[in-house]
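Descriptive analysis of the structure
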Amino acid sequence: AYIGRMRANGQTCTSTKRILIAEKIYDEFIDKLRKKLNKTKVGDPMDPINDVGPIARMDLFLKLQHQLSDYIEDFEYSI
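Now for a description of the structure that goes with this document. Nothing here was measured: the structure is a model prediction, and the numbers come from that model.

A count of helices and strands for the protein gives 3 helices and 0 strands. Along the chain direction, N to C, the helices and strands of the protein fall in the order α-α-α. Viewed in the frame of its principal axes, the protein has a C-alpha envelope of about 40 × 25 × 20 Å. Counting all 79 residues of the protein, 9% fall into the buried class.

The structure is reproduced here in structure tokens:
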């Protein structure tokens, strides 16, 4: 899941968009993915200490920002 989404900073048409997770392993999956994401270093993509670089274009940034806002609203509604 991590590699599928983070390869090429998730900015390719083949990047993972949705992940279906069995309820039985959901909590464990989220915990492991969260830990991996928290360790991800964002910065200059030419610097080997970084895992991913910045978003390539402003329109992609705005789209991601919109998706994140929608997710947060949906998440808050479901609690």
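Before going further, it helps to examine a negative patch on the surface. On the surface, Asp70, Glu73, Asp74 and Glu76 cluster together into a patch of negative charge. Among the residues examined, Asp70 registers a relative accessible area of 32% and is labelled partly exposed.

With that settled, consider the packing of aromatic side chains. According to the stated counting rule, one finds 0 aromatic pairs in the structure shown. In this arrangement the basic side chain of Lys36 is found over the ring face of Tyr2, its NZ or CZ atom lying 4.8 Å from the centre.

Here the focus is the pattern of salt bridges. All chains considered together, the criterion is met by 3 salt bridges. Between Glu28 and Lys32 there is a salt bridge; the shortest N-O distance is 3.0 Å. Taken together, the positions of Glu28 and Lys32, both in helix 2 (residues 26–39) and 4 residues apart, correspond to about one turn of that helix. Assessed through its relative accessible area of 45%, Glu28 is described here as partly exposed. The class of Lys32 is exposed, set by a relative accessible area of 51%. Notably, a salt bridge pairs Arg57 with Asp59, separated by 2.8 Å at the nearest N-O pair.

This part takes up the environment of Gly53. Within the secondary structure layout, Gly53 lies in the loop between helix 2 and helix 3 (58–78). Sequence-wise, Gly53 and Gly43 are 10 residues apart; in three dimensions their C-alpha atoms are separated by 5.0 Å.

Rules behind the numbers
Sequence positions are assigned chain by chain, starting from 1 and proceeding in written order. Thresholds applied to this predicted model are a pLDDT of at least 70 for local features of residues and 80 or more for the giving and counting of side-chain atom pairs; totals over whole chains, interfaces and linings are not thresholded and use all residues. Side-chain numbers come from the whole structure's heavy atoms, not from hydrogens or water. By definition, any uninterrupted DSSP run of H or I lasting at least four residues is a helix, any uninterrupted run of E lasting at least two residues is a strand, and each is numbered from the N terminus. Only protein chains enter the accessibility calculation, which uses a 1.4 Å probe; a residue is then buried when its area is under 20% of its type maximum, exposed when over 50%, and partly exposed in between. Each patch is built from residues that are more than 30% exposed by relative accessible area and take part in no salt bridge. Like charges join if they lie within 9 Å; nonpolar side chains (Val, Leu, Ile, Met, Phe, Trp, Tyr) join within 5 Å. We get accessible surface area from the Shrake-Rupley algorithm with a probe of 1.4 Å; when it comes to residues, only the shown protein chains can shield them. Salt bridges are defined as contacts in which a side-chain nitrogen from Lys or Arg sits within 4 Å of a carboxyl oxygen from Asp or Glu. For the purpose of charge, His is not counted, nor are the chain termini; Lys and Arg are scored as positive and Asp and Glu as negative. Here the site of a charge means NZ on Lys, CZ on Arg, CG on Asp, or CD on Glu. Aromatic pairs are defined between Phe, Tyr and Trp rings, using the six-membered ring for Trp, whenever the two ring centres lie within 6.5 Å; interplanar angles under 30 degrees are classed as stacked, those over 60 as edge-to-face, and all others as tilted. Ring-over charges, as used throughout, are those where CZ of Arg or NZ of Lys falls within 6 Å of the ring centre and within 35 degrees of the ring normal.

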